[in-house]
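Survey of secondary and tertiary structure
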Amino acid sequence: MRPVCANPGPGCRVRTSVKIATFNINGINRRLPNLLAWLQAAKPDVACLQELKAAHADFPRDAIREAGYEAVWQGERSWNGVAILARGREPVPTRRSLPGGPHDDQARYLEAAVDGVLIACLYLPNGNPQPGPKFDYKLAWFERLIIHAAELHATGLPVVLAGDYNVVPTDADIYPSKSWGRNALLQPVVREAFARLLAQGWTDALRTIHPAGPLPSFWDYMRDGFSRDAGLRLDHILLSPDLAGRLTDAGVDRSVRGEQNASDHAPAWASVSNKRARNGRPLAPFPDHDQH
DNA sequence: ATGACCGCTGGAAGCGGA
């Protein structure tokens, strides 16, 4: 078993590269074999999970620990639920809900520090049907996220905003289809909110590495969406400026969607270097690597 | 091309998801 540590130090090596993934697991206990197989194959350093669909006490901590990951999670019976897994590290939780919603008890936001990087794991509301109260909740949640993201950005810390945004950002992020036109995932007001978030200074890691093409991370169970490759890009990894300069690679593990008993989402991931940026310039180490 | 699928709860059928 690897050593577990909150901060790199003696017995806990500084990593030269960090791979951060987000995966809407659609029922963590139903999907546990798929999750463990993906962790073993993909070996993300950090994995943000959404849609645990499990009460807090039903999180499979032992199996995940056996796979080499420590975790923090926010469970909820039946619906929602988010988790942050870190390979050989103890994530240090900093927030268990999104500010600004004192009566919002849906488990959709979790924040933790891992190796000096602040990881925000989010599950933005679906919002269907629209218009309606669920769509209003989605928009209000988005505004709370935008406010909080601005505060995170202003800290100057390395920050990752990863999760299922339930937003198809542009028409390039969906297969040619007219059937989604009224869906909450594509509404102009939702896309405008996503654009406003990006405009704070966040970098869309997947789109930066793959500037063209649909880059889907979700294929509907209905009408056999995966075999038709009728997919939507819903899962996004946004990087603060410091991390964006270190971005080396990103992608979607789409083969995971083709497994037996698969989630309707595939994992999306981004790698950031601790050595050099994409332009080859040397970089300072992550902030807390000099501590201890 | 959205009704069709899937998971959860509870122990049937309804809700929520996207």
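The name an unreviewed UniProt entry gives chain A is Exodeoxyribonuclease III, with Lichenicola cladoniae as the organism. Looking at chain A in UniProt, the text filed under Sequence similarities (unreviewed entry) is "Belongs to the DNA repair enzymes AP/ExoA family."

A few words now on the protein's contact with DNA strand B. Taken together, 28 residues form the shell around DNA strand B, and within it Glu51, Asn126, Ser179, Trp180 and Phe218 come nearest. For DNA strand B, the fraction of protein-proximal atoms (within 4 Å) that sit in sugar or phosphate groups is 68%. Arginine 108 has a polar side-chain atom sitting 3.5 Å from a phosphate oxygen of DNA strand B. Tyrosine 123 has a polar side-chain atom sitting 3.0 Å from a phosphate oxygen of DNA strand B. For the surface near DNA strand B, the per-class residue count stands at eight nonpolar, 10 polar and 10 charged.

As a general point, the strands of a sheet are linked pairwise by backbone hydrogen bonds and lie either parallel or antiparallel. What the six strands build is an open sheet, ordered β3-β4-β2-β1-β14-β13; its pairing is mixed. Looking at which strands have only one partner, the edges of the open sheet turn out to be β3 (69-74) and β13 (247-252). Ignoring which end each strand starts from, the neighbouring axes of this sheet average 15° apart. Two elements, β3 and strand β4 (residues 82-87), share six bridges in a ladder whose sense is antiparallel. Bridged to tryptophan 73 within β4 is alanine 83. Against the sheet, helix α1 (residues 32-42) engages β1 (17-24), β2 (46-50), β3 and β4, with an angle of about 160° to β1.

Rules and cut-offs
Per chain, residues are indexed from 1 in the order of the written sequence. Each chain takes a letter, starting from A, and each ligand takes a number, starting from 1, following the order in which they are written. Per-residue local features are limited, in this predicted model, to residues with pLDDT of at least 70; the limit for side-chain atom pairs, both in listing and counting, is 80 or more; totals at the level of whole chains, interfaces and linings are taken over all residues. As a rule here, side-chain values come from all non-hydrogen atoms in the structure, and water together with hydrogens is ignored. UniProt positions are given in the numbering used here, feature names are shortened, and annotations may be inferred rather than shown by experiment. By convention in these notes, a residue is near a molecule or strand provided one of its non-hydrogen atoms lies within 4 Å of it. Counted as a polar contact is a pair of N or O atoms within 3.5 Å, where, for protein atoms, one must be capable of donating a hydrogen and the other of accepting one, and residues adjacent in sequence contribute only when both atoms are in side chains. Three classes are used: nonpolar for Ala, Val, Leu, Ile, Met, Phe, Trp, Tyr, Cys and Pro, charged for Asp, Glu, Lys and Arg, and polar for all others, with Gly counted as polar. Only strands joined by at least two bridges in the DSSP assignment are considered to pair. Helical segments are the DSSP runs of H or I of at least four residues, strand segments are the runs of E of at least two, and each set is numbered from the N terminus. Note on geometry: axes are lines fitted to C-alpha atoms, helical ones only across the stretch in contact, with angles between N-to-C directions running from 0 to 180 degrees. When checking whether two residues touch, look at their non-hydrogen atoms; a contact exists if any pair is within 4.5 Å.

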